[in-house]
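# Structure at a glance
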Amino acid sequence: MVLRPMQHSDFGLIALYHADKRVAEMTTSIPHPLPPGATESFMGKFLRNDQDCTAWVMDASPFGGAEVLGIISLEQMDRGQSEIGYWVAPAMWNTGFASEAVHALIDANPLKNKTIFASVFQDNPSSARVLTNAGFDYLGDAEAFSVARGAKVATWTYLKRLG
């Protein structure tokens, strides 16, 4: 797998995965059912090269796999901080692709961050393991609103210090 910038040609697979309830319910921002225009809006903020939000596609096509296995993103905050987010296609869950992507992004540190924050829903322990295996420290419990679930969901919050 390689991480590469998002392209317009990724739309079909991203839309397919966004429409999957299992993916949407593990994010704060993907609605379910997926309304018209939602994937275009999601991709638009990254394709505009908005410096506050950067995303990369997990692409296995150079190795004979799917063009889009998932997405990993950084949302720039203030004072050298970002928040990391990621999702992986359900067929690729528990394959190590999320871990590989998180490690690659930390190693590259493309936004030159001093710290990276993350949060995961408490009913997603696999995603929490991705973070702890990448050296993120547990900060505490919180809540975040999930658009797909239409409710606040308990989260675990993490921090990774860089440099």
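Our structure is the block above this text.
Residues numbered from 1 in each chain as written. Predicted model: local features only at pLDDT ≥ 70, side-chain atom pairs only at ≥ 80, totals over all residues. Heavy atoms only, no water.

### What about the environment of Phe 42?
- Mapped onto the fold, Phe 42 is located in helix 3 (residues 38-47).
- Residue classification places Phe 42 among the buried residues on the basis of a relative accessible area of 15%.
- Each C-alpha atom, one on Phe 42 and one on Thr 155, is 23 Å from the other, the two residues being 113 residues apart in sequence.
- Those residues within four positions of Phe 42 in sequence are excluded, and the remaining contacts are Met 6, Ile 14, His 18, Ile 71 and Trp 87. (Helix = DSSP H or I, 4+ residues; strand = E, 2+ residues; numbered from the N terminus. Buried < 20%, exposed > 50% of the residue type's maximum accessible area, 1.4 Å probe, protein only. Contact = heavy atoms within 4.5 Å.)

### Some words on helix 1 (residues 11-18)
- Those residues of helix 1 not exposed but buried are Ile 14, Ala 15, Tyr 17 and His 18. Taken down its axis, helix 1 places every buried residue within 165° of arc, on the same side.
- As for helix 1, its buried residues are in contact with helix 2 (21-24), helix 3, strand 3 (70-76) and strand 4 (81-88). (Arc of directions from axis to C-beta.)

### A closer look at the packing of aromatic side chains
- Applying the stated criterion across every chain yields a total of three aromatic pairs.
- Centroid distance Tyr 17 to Trp 87: 5.8 Å. Interplanar angle 65°. Geometry classified as edge-to-face. Residue Tyr 17 is found in helix 1, and its partner Trp 87 is found in strand 4; the two are separated by 70 residues along the sequence.
- Ring geometry for Phe 42 versus Phe 46: centroids 5.1 Å apart, planes at 70°, classification edge-to-face. (Phe/Tyr/Trp six-rings, centres within 6.5 Å; stacked < 30°, edge-to-face > 60°.)

### Concerning helix 3
- Of all the residues in helix 3, the buried ones are Ala 38, Thr 39, Phe 42, Met 43, Gly 44 and Phe 46.
- The inward-facing, buried residues of helix 3 contact helix 1, strand 2 (53-59), strand 3 and strand 4.
- The first or second residue beyond helix 3 is Asn 49, which carries a positive phi of 60°.

Everything listed here is a matter of coordinates, which is why it stays silent on function.
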